[in-house]
Amino acid sequence: MERCPWTSSSSMMDEASTSRDRGWKHSRRISQSNSTVVTLNNVQKNLTGFYGCEVSADAPLFHTIIKTAPVIVTEEPEALPEVMVEKTKYSLGDRIRANCSSRGGFPPANLTWYLNGKQIKNWQNIETKEKAGLTEIELEAKTTLFREGKLRLRCLATQFSLYRRSAEVDLQEDTPQLAHVKGPTTPLPVLEHNCAAARSPAVWLGLVLLLLKWTIPR
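Calculation rules
- Residues numbered from 1 in each chain as written.
- Predicted model: local features only at pLDDT ≥ 70, side-chain atom pairs only at ≥ 80, totals over all residues.
- Heavy atoms only, no water.
- Helix = DSSP H or I, 4+ residues; strand = E, 2+ residues; numbered from the N terminus.
- Buried < 20%, exposed > 50% of the residue type's maximum accessible area, 1.4 Å probe, protein only.
- Areas by Shrake-Rupley, 256 points an atom, 1.4 Å probe, with all protein chains shown as cover.
- Core = buried A, V, L, I, M, F, W, Y, C linked by side-chain atoms within 4.5 Å.
- Contact = heavy atoms within 4.5 Å.
- Pairing = 2+ DSSP bridges.
- Phe/Tyr/Trp six-rings, centres within 6.5 Å; stacked < 30°, edge-to-face > 60°.
- Lys NZ or Arg CZ within 6 Å of the ring centre and 35° of its normal.
- Disulfide = S-S within 2.5 Å.
- Patch = residues over 30% accessible without salt bridge, like charges linked within 9 Å, V, L, I, M, F, W, Y side chains within 5 Å.
- Salt bridge = Lys/Arg side-chain N within 4 Å of Asp/Glu carboxyl O.
- Axes fitted to C-alpha atoms, helices over the stretch in contact; angles between N-to-C directions.

Named according to an unreviewed UniProt entry, the protein chain is Ig-like domain-containing protein originating from Nezara viridula.

Laid out in structure tokens, this is it:
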């Protein structure tokens, strides 16, 4: 007859083995566990580790096979991810620097950048730095990155398929504005002088004499 006693060992936590064993015993639901299935209730992250099942045969062979698999108990981050930038308007050629952070959680959330809806992964001319719970990005502001003068950066924080949250920020292209040119609101002085001269009696008398000269037959 084959038997399968369940065992557990944690290689990811610092708690003492006695504490792990105590947590293992208190978390099991005996009524829902058997030689092939074990049920854990109210699990904590100290139960993260490798769980094994040992299959052994009776005498006279006593063949034994052990199979293990990792189990990770997660804790969600303390707050939503946060994106920080130096400013929100950039001129072409400026360096855009942004960072995304996710506080707390076990294990630390995976952070992924998206630019205008597309994941940034090994893109040319884009530098990224990563460490637990923090990622930084740096790129040059180019015309091709802005859509109708806007660029959207999004940071996605995930823990396997259990946790998924994001934060985003919209950046604007700082383009120079054309100045509005207005014409003169009052007539030029020289025009006023000419108009006044045209209205003087001497000018009108000269025009009348000129007309008479051309109309009187010789």
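After presenting the structure, the write-up continues.
> Can you help me understand the overall build of the protein chain in this one?
Counting secondary structure elements, the protein chain contains 3 helices and 12 strands. Residue burial in the protein chain is summarised as follows: out of 218 residues, 24% are buried. Per element, the accessible surface of the protein chain, about 16100 Å² overall, is 55% carbon and sulfur.

> What am I meant to see in the nonpolar core here?
For soluble globular proteins, nonpolar side chains are generally found buried alongside one another. Counting residues in hydrophobic clusters, the biggest one holds 24 residues, and the most contacted among them are Ile96, Trp113, Leu151 and Leu153. Taken together, the elements giving at least two residues each to this core come down to strand S6 (95–101), strand S7 (110–115), strand S10 (134–140), strand S11 (150–159) and strand S12 (163–173). In this structure Leu151 touches Ile96, Leu115, Asn116, Leu145, Phe146, Val169, Asp170 and Leu171, once residues within four positions along its chain are discounted.

> Before we go on, may I ask you to explain the pairing of S11 in this structure?
For a regular strand, side-chain orientation follows a simple rule: the groups alternate between the two sheet faces. Burial of S11 is extensive: 7 of the 10 residues sit out of reach of the surface. Both S7 and S11 contribute to a ladder of 6 bridges, which runs antiparallel. Its bridge partner lying in S11, Asn110 is registered against Thr158.

> Before we go on, may I ask you to explain the packing of aromatic side chains in this structure?
How two aromatic rings sit relative to each other is given by the distance of their centres and the angle of their planes. Evaluated as defined, the whole model comprises 0 aromatic pairs. The ring of Tyr114 is capped by Arg154, whose NZ or CZ atom sits 5.2 Å from the centre of that ring.

> I keep staring at the sheet that holds S11 and nothing clicks. Help me out?
Hydrogen bonds between backbone groups are what pair the strands of a sheet, and the pairing can be parallel or antiparallel. Overall, mixed pairing links the 5 strands, which are arranged S5-S12-S11-S7-S8 in an open sheet. Each of the sheet's edge strands pairs with one partner strand only, and the pair in question is strand S5 (89–90) and strand S8 (118–119). Pairing of S11 with S12 involves 10 bridges; the strand directions are antiparallel. Across the sheet, the residue bridging to Lys150 is Gln172, located in S12.

> Help me understand the pairing of strand S3 (residues 64–71) in this model?
With 0 of its 8 residues buried, S3 lies for the most part at the surface. Here 8 bridges tie strand S2 (residues 49–56) to S3, and the two strands are oriented antiparallel to one another. If you follow Glu54 over to S3, its bridge partner there is Ile66.

> What exactly am I supposed to notice about the state of the cysteines here?
Throughout this description, disulfide means a covalent bond between two cysteine sulfur atoms. Counted according to the given criterion, the structure contains 1 disulfide. Disulfide pairing places Cys100 opposite Cys155 at an S-S distance of 2.0 Å. Between Cys100 and Cys155, the disulfide has an S-S torsion of -80° and is therefore left-handed. Taken as a pair, Cys100 in strand S6 and Cys155 in strand S11 lie far apart in primary sequence, 55 residues in all. On the basis of relative accessibility, which here comes to 0%, the residue Cys100 falls in the buried class.

> Would you mind going over a nonpolar patch on the surface with me for this structure?
On the surface, a cluster of nonpolar side chains totalling about 320 Å² of accessible area is made up of Ile72, Phe160 and Leu162. Along the chain, the position of Phe160 falls in the loop between S11 and S12.

> I would appreciate a short explanation of the sheet that holds S10 in the present structure.
Across the sheet, which stays open at both edges, the 4 strands sit in the order S4-S6-S10-S9 with antiparallel pairing between neighbours. Edge strands, defined here as strands with exactly one partner in the open sheet, are strand S4 (82–85) and strand S9 (126–131). On average, each strand axis in the sheet is inclined to that of its neighbour by 15°, with strand direction left out of account. Strand direction decides the pairing type here: S4 and S6, joined by 4 bridges, are antiparallel. Among the inter-strand pairings, Met84 is bridged to a residue of S6, identified as Asn99.

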